[in-house]
Amino acid sequence: MPYTAHPDRYKRMQYRRCGNSGLQLPVLSLGLWHNFGHVDMFGNYRSILQLAFDNGVTHFDLANNYGPPPGSAEENFGRLLKLDFAPYRDELIISTKAGHYMWPGPYGDWGSKKYLVASLDQSLTRMGLEYVDIFYHHRPDPQTPLEETMAALDLIVRQGKALYVGISNYQKEEAAKAFGILRQLGTPCVIHQPKYSMFERWVEDGLLDTLENDGVGCIPFSPLAQGLLTNKYLGGIPADSRAAKPHGFLKEEQVTAERIGQVKALSQVADKRGQTLAQMALAWLLKDKRVTSVLIGASKPAQLADSLRCQDNINFSAEELATIETILT
Ligand SMILES: NC(=O)c1ccc[n+]([C@@H]2O[C@H](COP(=O)([O-])OP(=O)(O)OC[C@H]3O[C@@H](n4cnc5c(N)ncnc54)[C@H](OP(=O)(O)O)[C@@H]3O)[C@@H](O)[C@H]2O)c1
């Protein structure tokens, strides 16, 4: 049966403007870092993608190295674009990135113009696309002049291979410099992708203010701290969880007794709000209007269905916020 998207999908999702740009993003976007590689089950990730789009998730986030093996998430996404989403290409915001190791030699890593341009060409081939909607520099490169990396982003847009550009994992000072260079080049940065969750709050120390001042959107990644901010690890490490998988980036040693203590306490706050902990953790990020979209992952359709319902309540009382702060500090 060919896939037909749900007719009510745009009634099921809220959208926010990305900084000062013309681009609107769903408040929840789906990332393909884990669970979409050749090691994963085609039927499962196909269902996740369909469920996402049926619920108005128009934005899918990739990178050259997502898998494993690296590149396979883009290949699998490309296959599903052809099978299911070809009629919907103009309803989708597809992003990819380069900045981490991808191939041997001096041109397969970091931030040179040589690497970024070649890597995006490879990504486009893997996904079967003519252009991506957003292309990111994945992490700052201490060796390459920022001017060169930003000029590469500008070039890629002028070549028609990306519509918008973003940066990821840049600290506030280098982010501000990058925004200035891109503005001068005529390709303003539309989005910054930092790690941000209840357990990871460095962005509150100036980055969010910088983004607001520069009119740049914010899309926090790992908002559930890779699954820690859910109820899944309360009774130990489940066999099918990220922490149990050899290729998972969440390591068993990160599931500490202290973390689990905090998770239990947060879970009780979520209960009182009538939410799951995952829903509350996502809502907690969305309470800040400077957050354009929250970039989630999911290993099962049921997790995505759960997370989507965070939209039902993204308001917090002062008392709830104070209780959460006490738990986190
Ligand atoms: N720019 C960067 O440097 C960078 C780095 C990392 C990630 N990212 C982007 O951010 C995206 C999201 O990252 P992430 O996958 O770490 O996000 P996350 O949402 O913090 O974690 C996703 C994991 O949490 C668990 N989960 C999700 N929803 C759940 C629910 N409702 N109930 C219970 N468990 C739930 C699942 O774990 P199990 O697999 O254990 O079931 C899932 O795989 C990535 O796909 C990628 O696009 C970017």
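To start, this report covers the structure provided alongside it. Sequence order as written defines the numbering, with residues in each chain counted from 1. This being a predicted model, a pLDDT of at least 70 is required before a residue's local features are given, and a value of 80 or more before pairs of side-chain atoms are given or counted; all residues contribute to the totals for chains, interfaces and linings. Excluding hydrogens and water, the side-chain values take into account all heavy atoms of the structure.

## A look at the overall build of the chain
Next up, step 1: Labels follow the DSSP assignment, with helices taken as runs of H or I lasting at least four residues and strands as runs of E lasting at least two, numbered in each case from the N terminus. Broken down by element type, the chain carries 10 helices and 10 strands.
Next up, step 2: Only protein chains enter the accessibility calculation, which uses a 1.4 Å probe. A residue is then buried if its area is under 20% of the maximum for its type, exposed if over 50%, and partly exposed in between. Split into buried and exposed, the 329 residues of the chain put 57% on the buried side.

## Here we look at the nonpolar core
Next up, step 1: Phe60 and Leu266 are the most contacted members of the largest nonpolar core, which totals 96 residues.
Next up, step 2: Considering every element that reaches this core, the biggest residue donor is helix H8 (residues 277-286), with nine residues.
Next up, step 3: Two residues form a contact once any of their heavy atoms are found within 4.5 Å. Beyond its immediate sequence surroundings of up to four residues, Phe60 is in contact with Leu30, Leu32, Leu49, Ala52, Phe53, Phe77, Leu92, Ile93, Ile94 and Ser95.
Next up, step 4: Take the buried Ala, Val, Leu, Ile, Met, Phe, Trp, Tyr and Cys residues and link them wherever side-chain atoms come within 4.5 Å; each set so joined is a nonpolar core. Counting residues in hydrophobic clusters, the runner-up holds 11 residues, among them Leu25, Ile93, Ile134 and Ile219.

## Structural notes on the site of the ligand
Next up, step 1: Residues are labelled near a given molecule or strand when at least one of their non-hydrogen atoms is within 4 Å of it. Of all residues adjacent to the ligand, which total 31 residues, the nearest are Asp61, Ser222, Lys232, Arg242 and Ser299.
Next up, step 2: N or O atoms closer than or at 3.5 Å make up a polar contact, with two conditions inside protein: a donor-capable atom paired with an acceptor-capable one, and, for residues adjacent in sequence, both atoms drawn from side chains. The separation between an oxygen atom of the ligand and a polar side-chain atom of Asp61 is 2.6 Å.
Next up, step 3: Here the Shrake-Rupley method, with its probe set to 1.4 Å, supplies the accessible areas, and only the displayed protein chains count as covering residues. Coverage of the ligand by the protein amounts to 95% of the 910 Å² it exposes when considered alone.
Next up, step 4: Going through the elements one at a time, strand E10 (294-296) and helix H9 (301-308) are the ones with two or more residues in the shell around the ligand.
Next up, step 5: If you tally residues by element for the shell around the ligand, the top one is H9, at three residues.

## Brief notes about the pairing of strand E3 (residues 28-31)
Next up, step 1: By the alternation rule, side chains of E3 split into Leu28 and Leu30 and Ser29 and Gly31, which are all buried.
Next up, step 2: Strands were regarded as paired on the criterion that DSSP finds at least two bridges between them. Bridge count between E3 and E10: three bridges; the pairing is parallel. By the bridge assignment for E10, Leu30 is matched with Ile296.
Next up, step 3: Two elements, E3 and strand E4 (residues 59-61), share two bridges in a ladder whose sense is parallel. Across the sheet, residue Leu30 finds its bridge partner in E4, namely Phe60.
Next up, step 4: Throughout, right-handed denotes a crossover for which the path from the first strand over the helix to the second runs clockwise when the strands point away from the viewer. You can see the chain leave E3, run along helix H1 (residues 42-54) and come back into E4, and the turn it takes is right-handed.

## Focus on helix H10 (residues 318-328)
Residues three or four positions apart in an α-helix share a direction because the helix packs 3.6 residues into each turn.
Next up, step 1: The set of residues buried in H10 consists of Ile324, Ile327 and Leu328. Down the axis, H10 shows its buried residues gathered within 95° of arc, on one side only. Of the exposed residues in H10, the ones pointing more than 90 degrees away from its buried face are Ala318, Glu319 and Thr326.
Next up, step 2: Considering only its buried residues, H10 is in contact with helix H7 (257-273) and H8. An arc is given here, and it is the one of the directions from the helix axis to the C-beta atoms.

## Some thoughts on the sheet that holds E4
Next up, step 1: Strands sit in the order E9-E8-E7-E6-E5-E4-E3-E10 across an open sheet of eight strands; the sheet is parallel. Since the sheet does not close on itself, it has two edges, and those belong to strand E9 (217-218) and E10, each with one partner.
Next up, step 2: The sheet contact formed by E4 and strand E5 (residues 93-98) spans three bridges and is parallel. By the bridge assignment for E5, His59 is matched with Ile93.

## Side note on the environment of Tyr170
Next up, step 1: With respect to the secondary-structure elements, Tyr170 resides in the loop between strand E7 (162-168) and helix H5 (172-185).
Next up, step 2: When its relative accessible area of 2% is taken as the criterion, Tyr170 is described as buried.
Next up, step 3: Taking the C-alpha atoms as reference points, Tyr170 and Ala283, 113 residues apart in sequence, are found 24 Å from one another.
Next up, step 4: When near neighbours in sequence (up to four residues on either side) are disregarded, Tyr170 contacts His137, Arg139, Pro140, Leu146, Thr149, Met150, Ala175, Ala178, His192, Trp202 and Leu207.

## Some thoughts on unusual backbone geometry
Next up, step 1: Omega for the bond connecting Gly67 with Pro68 falls within 30 degrees of zero, at -5°, which places this linkage in the cis form.
Next up, step 2: Take Pro68: it is sitting in the loop between E4 and helix H2 (72-85).
Next up, step 3: The residue after Pro68, namely Pro69, is reached through a cis peptide bond having omega -5°.
Next up, step 4: Here Pro69 is to be found in the loop between E4 and H2.
Next up, step 5: Phi at Ser222 takes a positive value of approximately 50°, unusual for a residue other than glycine.
Next up, step 6: Here Ser222 is to be found in the loop between E9 and H7.
Next up, step 7: Note on Ser222: relative accessible area 15%, which makes it buried.

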